[in-house]
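# A look at the structure
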Amino acid sequence: MGNLWIYVAVTLAVISGGMLWRSRRLAGRDAERRSAMPAFDQRRDALAKLFQQVAAATGKPRGLHWTSVDLSGQPLFAADIASGELYALIGVTIGFAAVEGGGMEDVEAVGNLRSATAVFVYRNGEWTTDGRVIFNLEPAEALQRFHTALAPIVV
């Protein structure tokens, strides 16, 4: 009977320690998120340029050259449910031009501005982007569409 109590006491100590560690980890992540969100606005212009460079480098859409990127409105913040990474979804207006020889020169709509959602991620203590763009959806619609992967964060 004595060994059972030792086992129970050790098990409870391990569980309590794990819960304390997780609680501190989550509190640290919350503090990091609180400081990351205002940092997005401070780097907004640089992030717009970075987004255009990275997105253009993907070669998508094929046959088009990225000519302009204009971030608009306030970002919506969300956490990746699986990884916990912090994301910013923000409205963007994108301008394209046809790439010479790319097969799009005769398409009249090439010069039309496109509305979309630009996706940014907070990694290693700074905002960055993979150049991901969600065409034809505003940030709130994108968040709703990806509700199984992203959990909104209320600022």
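It should be noted that the structure appears before, not after, this text.
Presented here is an overview of the structure given in this document. All of these numbers come straight from a predicted model, not from anything done at the bench. (Residues numbered from 1 in each chain as written. Predicted model: local features only at pLDDT ≥ 70, side-chain atom pairs only at ≥ 80, totals over all residues. Heavy atoms only, no water.)

## A closer look at the overall build of the protein chain
Counting secondary structure elements, the protein chain contains three helices and six strands. Along the protein chain, helices and strands appear, N-terminal first, in the series α-α-β-β-β-β-β-α-β. Burial status across the protein chain gives 32% buried among its 155 residues. Here the contacts in the protein chain between residues at least 6 apart in sequence split such that 62% fall between residues at least 24 apart. Summed over its atoms, the accessible surface of the protein chain is roughly 9,900 Å², and 56% of this surface lies on carbon and sulfur atoms. (Helix = DSSP H or I, 4+ residues; strand = E, 2+ residues; numbered from the N terminus. Buried < 20%, exposed > 50% of the residue type's maximum accessible area, 1.4 Å probe, protein only. Contact = heavy atoms within 4.5 Å. Areas by Shrake-Rupley, 256 points an atom, 1.4 Å probe, with all protein chains shown as cover.)

## A few points about helix α2 (residues 44–57)
Taking 1.5 Å per residue, 14 residues should reach 20 Å; α2 reaches 20 Å between its end C-alpha atoms and fits that length. Within α2, burial applies to R44, L47, A48, F51 and A55. End-on view of α2: buried residues confined to an arc of 105 degrees, all on one side of the axis. Projecting away from the buried face of α2 at angles above 90 degrees are the exposed residues D45, K49, Q53 and A57. Just downstream of α2 lies G59, where phi reads positive at about 80 degrees. (Expected span 1.5 Å × (residues − 1). Arc of directions from axis to C-beta.)

## Re the side chain of T129
As for its placement among the helices and strands, T129 is situated in the loop between β4 (126–128) and β5 (133–135). By relative accessible area, T129 is classed as buried at 5%. A distance of 2.9 Å separates the side chain of T129 from the backbone nitrogen of G131, its partner in a polar contact. Those residues in contact with T129, other than ones at most four positions away along the chain, are L50, F51, V54, V119 and F120. (Polar contact = N/O pair within 3.5 Å; in protein donor to acceptor, adjacent residues only side chain to side chain.)

## Remarks on the pairing of strand β2 (residues 86–98)
Both faces of the sheet carry side chains from a regular strand, because those side chains alternate between them. With respect to burial, β2 is a largely interior element, ten of its 13 residues being buried. As paired elements, strand β1 (residues 64–80) and β2 share twelve bridges and run antiparallel to each other. Each bridged residue has a counterpart across the sheet, and for L71 the counterpart in β2 is V92. Pairing between β2 and strand β3 (residues 114–123): nine bridges, direction antiparallel. When the sheet's bridge partners are listed, I94 is paired in β3 with R114. (Pairing = 2+ DSSP bridges.)

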